[in-house]
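# Report on the structure
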Amino acid sequence: SDFKIKIVPEVTSLMVADAFTRIKMSDDLDQQVVLVFPNPWAEAYANLATLINQFRVNCRNVWAFCADEFADQDGNVAPVTYKGGLGYAFMNTLYAKIDPKLRMPENQCIYFTTENYAHYSDLIDEAGNGGADVIYNGCGWAGHTSFVDPSVEFETDTVSLDEFKKIGSRLLTLHPLSICECSFMGTLGASGDVFNVPPKAVTIGPRDMQHARLRFDFHCFTFPGGYFSWQRMISRLGIWGPVTPLVPYSLNQELRCNVYITEDMARPIESALTGF
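A quick note: this is a predicted structure, and the numbers were derived from the prediction, not measured.

With that settled, the discussion passes to the overall build of the protein chain. Summing up its helical and strand segments, the protein chain has eight helices and 10 strands in all. Here the protein chain has a C-alpha radius of gyration of 18 Å; the compact-globule value for 276 residues is 19 Å, and the two agree. The 276 residues of the protein chain split such that 53% are buried. Once local pairs closer than 6 in sequence are excluded, the contacts in the protein chain between residues at least 24 apart make up 77%. When the accessible surface of the protein chain is summed, it comes to about 12500 Å², and 55% of that surface belongs to carbon and sulfur atoms.

This is the structure we're talking about:
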């Protein structure tokens, strides 16, 4: 009953409106708010910064966490100066665009590092009194949420569902489909250059999804023209398929979650190939 699905024309304005409302309330009520953001989403973050500046909203009570980050083959997390990195995109398209008089203290805008990834979930719990207020997220090609891929590191082939829910932030080897997905990201060339995608990542874990008071999920990834998409099938599996660690996104079905699916993403899957 708490997993609410809605078909919408687009999701960027909804995400911006939701985040801005929460940040504005944190200022008006002088209450702390903890938000976990996906990366990169330049259009949404630039618009959010514009609203904050236009309406002179003080972000002193905002704790903003990045949901994940790339790492190299040796497990070194991409530094915030790496232009293909998720932390770089977040800090430069949101934090840097907020008026310095209004932006949150820099230590309240937190991204993954080699030093903090093992206890990143603890940082979110500490800031949010047990969990984030909202996690903004979607569903990846391999069924992930953030970079919680079906992987050896998350023991998705062997761990029970209850045990899987308790796993916090960690380093993992990206699923081949996640590497393909990321090769279409603008920050990595948007050209299918799988060799330009780092092989590993760090991410929040299933535990963070369980602890958050709300999940704001979007299913909207299409190529120019609106029809071609890698997400149309996996979104259906994550939303309506069995709840299993093999499709980590599916755990959201049991949680308080606002799910927004674009009209393009909701199109029927049609194929001339019905079997041999």
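Anyway, onward from the coordinates.
This part is about the nonpolar core. Inside soluble globular proteins, nonpolar side chains tend to come together where they are buried. Ranked by internal contacts, the top residues of the largest apolar core, which has 52 residues, are Met 15, Phe 37, Leu 48, Ile 52, Phe 90, Tyr 136 and Ile 204. Setting aside residues no more than four positions away along its own chain, Tyr 136 makes contact with Met 15, Asp 18, Ala 19, Arg 22, Leu 35, Val 36, Phe 37, Pro 38, Phe 216 and Phe 218. Counting residues in hydrophobic clusters, the runner-up holds 18 residues, among them Phe 164, Leu 174, Met 185 and Val 197.

A few words now on unusual backbone geometry. For Asn 129, which is not glycine, the phi dihedral falls at a positive 55°. If you trace the backbone, Asn 129 turns up in the loop between α4 (120-127) and β6 (134-138). Despite not being glycine, Glu 155 has its phi angle at roughly 55°, a positive value. Relative to the helices and strands, Glu 155 is located in the loop between β6 and α5 (161-164). Residue classification places Glu 155 among the partly exposed residues on the basis of a relative accessible area of 39%.

Turning our attention to the sheet that holds strand β7 (residues 170-173). One open sheet accounts for three strands, arranged β4-β8-β7; its pairing is antiparallel. In this open sheet, the two edge strands, each paired with only one partner strand, are β4 (68-71) and β7. Sheet twist, expressed as the mean angle between neighbouring strand axes with direction ignored, is 30°. One ladder, built from four bridges, connects β7 with strand β8 (residues 200-203); its direction is antiparallel. Counterpart to Leu 172 in the pairing with β8 is Ala 201.

A few words now on the packing of aromatic side chains. The full count for this structure, using the stated rule, is 17 aromatic pairs. Aromatic pair Phe 20 and Phe 55: ring centres 5.9 Å apart, planes at 50°, arrangement tilted. Here Phe 55 lies in the loop between α2 (42-54) and β3 (62-66) and Phe 20 lies in helix α1 (residues 12-28), a separation of 35 residues in the sequence. With a centroid separation of 6.3 Å and 70° between ring planes, the pair formed by Phe 154 and Phe 164 is classed as edge-to-face.

Further remarks concern α4. Within α4 the residues assigned to the buried category are Tyr 120, Ser 121, Ile 124, Asp 125 and Ala 127. Tucked inside the fold, the buried residues of α4 contact β2 (33-37), β3, β5 (109-110) and α7 (206-211). Positive backbone phi, at 55°, marks Asn 129, one or two positions downstream of α4.

The next subject is the pairing of β8. Here β8 shows two buried faces, one formed by Lys 200 and Val 202 and the other by Ala 201 and Thr 203. Two elements, β4 and β8, share four bridges in a ladder whose sense is antiparallel. If you follow Glu 69 over to β8, its bridge partner there is Val 202.

Further remarks concern the pattern of salt bridges. Here the structure, examined in full by the defined rule, presents 10 salt bridges. With a shortest N-O distance of 2.8 Å, Lys 24 and Asp 28 are connected by a salt bridge. One end of the pair is Lys 24 and the other is Asp 28, both in helix α1 and four residues apart, which spans about a single turn. Judged by its relative accessible area of 29%, Lys 24 is partly exposed.

Reading guide: rules and limits
Residues numbered from 1 in each chain as written. Predicted model: local features only at pLDDT ≥ 70, side-chain atom pairs only at ≥ 80, totals over all residues. Heavy atoms only, no water. Helix = DSSP H or I, 4+ residues; strand = E, 2+ residues; numbered from the N terminus. Rg over C-alpha atoms; globule rule 2.2 N^0.38 Å. Buried < 20%, exposed > 50% of the residue type's maximum accessible area, 1.4 Å probe, protein only. Contact = heavy atoms within 4.5 Å. Areas by Shrake-Rupley, 256 points an atom, 1.4 Å probe, with all protein chains shown as cover. Core = buried A, V, L, I, M, F, W, Y, C linked by side-chain atoms within 4.5 Å. Pairing = 2+ DSSP bridges. Axes fitted to C-alpha atoms, helices over the stretch in contact; angles between N-to-C directions. Phe/Tyr/Trp six-rings, centres within 6.5 Å; stacked < 30°, edge-to-face > 60°. Salt bridge = Lys/Arg side-chain N within 4 Å of Asp/Glu carboxyl O.

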